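# Working through the structure, step by step
Below, each chain spelled out in residue letters.
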Amino acid sequence: MAKWSCLACGYIYDPGEGDPDGGIAPGTAFADLPEDWACPNCGLGKENFEPL
């Protein structure tokens, strides 16, 4: 699964790690994140991410 980078702050979403603090389990693909999921660092939405 591809990693995704926040265009604003550079946070990397790694599907292998998920977002445990945000309630996202390891193994969750970026496409499967909830629509209201936001970058844990800067709070911007999924539309501000690009694949690495």
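Residues numbered from 1 in each chain as written. Predicted model: local features only at pLDDT ≥ 70, side-chain atom pairs only at ≥ 80, totals over all residues. Heavy atoms only, no water.

Attention shifts here to the sheet that holds strand 2 (residues 12-13). Read across the sheet, three strands follow the order 2-1-3 without closing on themselves; strand pairing throughout is antiparallel. Strands with a single pairing partner mark the edges of an open sheet, and in this sheet they are strand 2 and strand 3 (49-51). (Pairing = 2+ DSSP bridges. Helix = DSSP H or I, 4+ residues; strand = E, 2+ residues; numbered from the N terminus.)

Position of Ser 5 among the secondary structure elements: in strand 1 (residues 4-6). When sequence neighbours within four positions are dropped, the list of residues in contact with Ser 5 reads Gly 10, Tyr 11, Ile 12, Asn 48, Phe 49, Glu 50 and Leu 52. (Contact = heavy atoms within 4.5 Å.)

Attention now goes to the pattern of salt bridges. Following the criterion strictly, the structure yields two salt bridges and no others. Where Lys 3 meets Asp 14, a salt bridge forms, and the shortest distance between an N and an O atom there is 3.8 Å. Here Asp 14 lies in the loop between strand 2 and strand 3 and Lys 3 lies in the segment before strand 1, a separation of eleven residues in the sequence. The salt bridge partner of Lys 46 is Glu 35, with a shortest N-O separation of 3.7 Å. (Salt bridge = Lys/Arg side-chain N within 4 Å of Asp/Glu carboxyl O.)

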